[in-house]
Amino acid sequence: LRAVKYPRPRESKRGPVESLGFCRKFFEMKAFESSFLCVLLCAGFAQAGESRMTNNIVKSDAEWRKELTPEQYRVLRQKGTEPAFCGTFWNHHEKGVYVCAACGAELFRSDEKFDSGTGWPSYTTPVEGAVTNVVDRSHGMVRTEVLCARCGSHLGHVFDDGPPPTGLRYCINSVSLEFRKAEK
């Protein structure tokens, strides 16, 4: 194969998608002459390792700033974290569904919520297909970041210290969520 210089892929405003890191390495190494082959390889790795975002909502930074409060923007779009024991939903016990504060997609059901003692709302499992997990190497640690699959907003992180049956703890920022009360 002949080395061909391809432009480096732009960083997505939705955050890094770990499965595309494989493709980025090939672009940087200039190992593939055919970008189509690389796209096919990356699509296969993305399908095998990560759930894909569907019904993507793509907005400019200015549009997100206009629609979200400053705190929502800081957490949802800039991957911030709210202080523990301060959010609206850390001690919330009503029946219903928690939705993305940015796009309204259903994310977690109240039946999956539990008290983790961490000060953030915690869930054992998301609504099927509602979130995407990506590797987060910020702040000198390796964690799994949780994004809304619909709009790519940062929700929080998932850890493997949760209760049965999943053993997972989806630790989510309250400001990333809105609540829809169950109909009686």
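Calculation criteria
Residues numbered from 1 in each chain as written. Predicted model: local features only at pLDDT ≥ 70, side-chain atom pairs only at ≥ 80, totals over all residues. Heavy atoms only, no water. Salt bridge = Lys/Arg side-chain N within 4 Å of Asp/Glu carboxyl O. Helix = DSSP H or I, 4+ residues; strand = E, 2+ residues; numbered from the N terminus. Buried < 20%, exposed > 50% of the residue type's maximum accessible area, 1.4 Å probe, protein only. Phe/Tyr/Trp six-rings, centres within 6.5 Å; stacked < 30°, edge-to-face > 60°. Lys NZ or Arg CZ within 6 Å of the ring centre and 35° of its normal.

Thoughts on the pattern of salt bridges
- In total, this model carries nine salt bridges according to the counting rule given.
- Here Glu-94 makes a salt bridge to Lys-181, at a shortest N to O gap of 3.3 Å. Taken together, the residues span a long stretch of sequence, with Glu-94 in the loop between helix H4 (70-77) and strand S1 (96-100) and Lys-181 in strand S9 (residues 177-181) at a distance of 87 residues.
- Taking relative accessible area as the criterion, Lys-181 reaches 54% and is therefore assigned exposed.

Comments concerning the packing of aromatic side chains
- Within this structure, the stated rule accounts for seven aromatic pairs.
- Arranged with centres 5.3 Å apart and planes meeting at 65°, the rings of Tyr-98 and Tyr-123 form a pair that is edge-to-face. Of this pair, Tyr-98 sits in strand S1 while Tyr-123 sits in strand S4 (residues 122-123), and the two are 25 residues apart along the sequence. There is no split in this pair, since Tyr-98 and Tyr-123 are both buried.
- Taken together, a centroid distance of 5.8 Å and an interplanar angle of 55° make the contact between Phe-108 and Tyr-170 tilted. Of this pair, Phe-108 sits in strand S2 (residues 106-109) while Tyr-170 sits in strand S8 (residues 169-172); the two residues are 62 residues apart in sequence, bridging distant segments of the chain. Of the two residues, Phe-108 and Tyr-170, neither departs from the other in class, the shared state being buried.
- Members of the aromatic cluster, connected to one another through ring pairs, are Phe-89, Tyr-98, Phe-108, Tyr-123, Tyr-170 and Phe-179.
- The aromatic ring of Trp-64 is capped on one face by Lys-59, whose charged end is 4.9 Å from the ring centroid.

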